[in-house]
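What the coordinates show
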Amino acid sequence: MTGRVAIVGLGPGPACWITPEASSEIEAASDVVGYAAYVERLALRPDQRAHASDNRVELDRARLALTLAAEGHAVAVVSGGDPGVFAMAAALFEAIEEKPQWRALDVAVAPGVTAMQAAAARLGAPLGHDFCAISLSDNLKPWAIVQRRLEAAVEGDFVLALYNPASKARPSRIVEAFDLLRALKGATTPVAFARAVGRADEALVLTTLGEANVSLVDMATLVIVGSSETRFVARDGARAWMLTPRSYGAPR
Ligand code: SAH
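Here is a short report on the structure shown in this document. Note that the structure is predicted; figures quoted are calculated from it, not measured.

1. Notes on the sheet that holds strand S8 (residues 159–163)
To summarise the sheet geometry, strands pair through backbone hydrogen bonds and adopt either a parallel or an antiparallel arrangement. Taking strand neighbours across the sheet as the criterion, the 5 strands line up as S7-S8-S11-S9-S10 in an open arrangement whose pairing is mixed. Whereas interior strands pair on both sides, the edge strands pair on one side only; in this sheet they are strand S7 (131–135) and strand S10 (203–208). For this sheet, the mean angle separating the axes of adjacent strands, direction not counted, is 15 degrees. Judged from the 5 bridges that link them, S7 and S8 form a sheet pairing that is parallel. Its bridge partner lying in S8, Phe131 is registered against Val159. Across the sheet, helix H5 (residues 115–123) touches S7, S8, strand S9 (190–195), S10 and strand S11 (221–225), and the angle it forms with S11 is around 65 degrees.

See below:
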């Protein structure tokens, strides 16, 4: 019997941001594998086995999922947001490379709303023109690579969506990243900190590169740094919108 692995994105938090496809993959699963916080969010039936882990080693989780599938089980591997964005999908396919028999398994990826889309939706249209997503985590890559990519993104005048901007273990990375950006970009560049978007403790901060207080940034925050075209659209008595217009050099 050939098992199945569905790599499922749960979106940034609320149930309304889980796709019907993701829900039906979870319903169809006999086994659900994932980080404990995500697995606990799901109301699994008694006949479904949860393999919740606090294990930070994604490859181990991926190998467990593939081993269960090779035994004939229907496995759902869950990630927050989209599973292809700094999450489990890549780990799963890296693990598949390890064993020829795993390539024969039925594998599907169910996409999810990623944090930068959720943040952008709250803010207005900050990703309306070319942008790039960079993870500031240096657990899996050297910090020098992060610096090179930040510099290249500034050189290309991309809007930046920064994932994994800080953690208790690495509180200074966001400070270093902003020092680098401040040396290369204008102080009035619009910046947004979008924290826990879609959750009860959601918090949005609009600021500028020059004035940004990076101590507000934690691991639940998605940081957006504007391009030279990004601006705030002020409103009376309400938070401004953040806009990166679709056409370059558009008249104001
Ligand atoms: N696969 C996830 C990203 C995993 S990396 C996705 O597609 O969204 C984890 C980082 O995502 C966090 O450090 C934070 O930068 C961002 N993030 C995840 N959920 C978020 C949320 N609800 N609000 C703001 N940022 C979030």
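2. What about the layout of surface pockets?
Remark: the empty space left among the atoms is shown by a probe the size of a water molecule rolled over them. Volume-wise, the largest pocket comes out at about 1,600 Å³. What lines the largest pocket is a set of 46 residues, among which Tyr38, Glu58, Phe86, Asn164 and Met219 lie closest to the centre. If one sorts the elements of the lining of the largest pocket by residue count, helix H4 (residues 88–98) sits on top with 4 residues. Considered class by class, the residues forming the lining of the largest pocket number 24 nonpolar, 12 polar and 10 charged. Residue contributions to the lining of the largest pocket reach at least three from each of two domains, namely domain 1 (4–113) and domain 2 (116–243). Here the second largest pocket defines a volume of roughly 220 Å³.

3. Comments concerning H4
Taken residue by residue, H4 has Met88, Ala89, Ala91, Leu92, Ala95 and Ile96 as its buried positions. Projected down its long axis, H4 carries its buried residues within an arc of 165 degrees, all on one side. As for H4, its buried residues are in contact with strand S1 (4–9), helix H3 (58–70), strand S4 (74–79) and strand S5 (106–110).

4. Things to note about H3
The first and last C-alpha atoms of H3 sit 18 Å apart over 13 residues, in line with the 18 Å expected at 1.5 Å per residue. The set of residues buried in H3 consists of Arg61, Ala62, Ala65, Leu66, Leu68 and Ala69. Seen from one end, H3 has its buried residues packed into an arc of 160 degrees, which puts them on one side.

5. Quick notes on the pattern of salt bridges
Under the definition given, this model contains 11 salt bridges. Across the pair Asp201 and Arg195 runs a salt bridge whose closest N-O atoms are separated by 3.3 Å. On the accessibility criterion, Arg195 (23% relative accessible area) is partly exposed. Within the structure, one salt-bridge network assembled from shared partners comprises Arg4, Glu25 and Asp106.

The rules behind the values
Residue indices begin from 1 for each chain and proceed along its sequence in written order. Selection of residues for local features in this predicted model requires a pLDDT of at least 70, selection of side-chain atom pairs for listing and counting requires 80 or more, and totals for whole chains, interfaces and linings are taken over all residues. Only heavy atoms go into the side-chain values, all of them from the structure, while hydrogens and water stay out. For two strands to pair, DSSP has to find at least two bridges joining them. Under the DSSP-based scheme used, a helix requires at least four consecutive residues in state H or I and a strand at least two consecutive residues in state E, with every element numbered from the N terminus. Each axis is a line fitted through C-alpha atoms, taken for helices only over the stretch in contact, and angles between the N-to-C directions span 0 to 180 degrees. Residue contacts are counted whenever heavy atoms from the two residues lie within 4.5 Å of one another. Every definition here rests on a 1 Å grid over the protein atoms only: cavities are sets of points where a 1.4 Å probe fits but cannot get out, pockets are open sets enclosed by protein on both sides within 12 Å along at least five of seven lines, and lining residues have some atom within 4 Å of a point. Grid points are joined across faces, edges and corners, and a volume is the space filled by probe spheres set on the points. Gly is put with the polar residues, along with every residue not named as nonpolar or charged; the nonpolar set is Ala, Val, Leu, Ile, Met, Phe, Trp, Tyr, Cys and Pro, and the charged set is Asp, Glu, Lys and Arg. An automatic or database domain assignment supplies the residue ranges for each domain. Only protein chains enter the accessibility calculation, which uses a 1.4 Å probe; a residue is then buried when its area is under 20% of its type maximum, exposed when over 50%, and partly exposed in between. It is the directions from the helix axis to the C-beta atoms whose arc is reported. By this rule the span expected of a helix is its residue count minus one, scaled by 1.5 Å. What makes a salt bridge here is a side-chain nitrogen of Lys or Arg within 4 Å of a carboxyl oxygen of Asp or Glu, nothing more.

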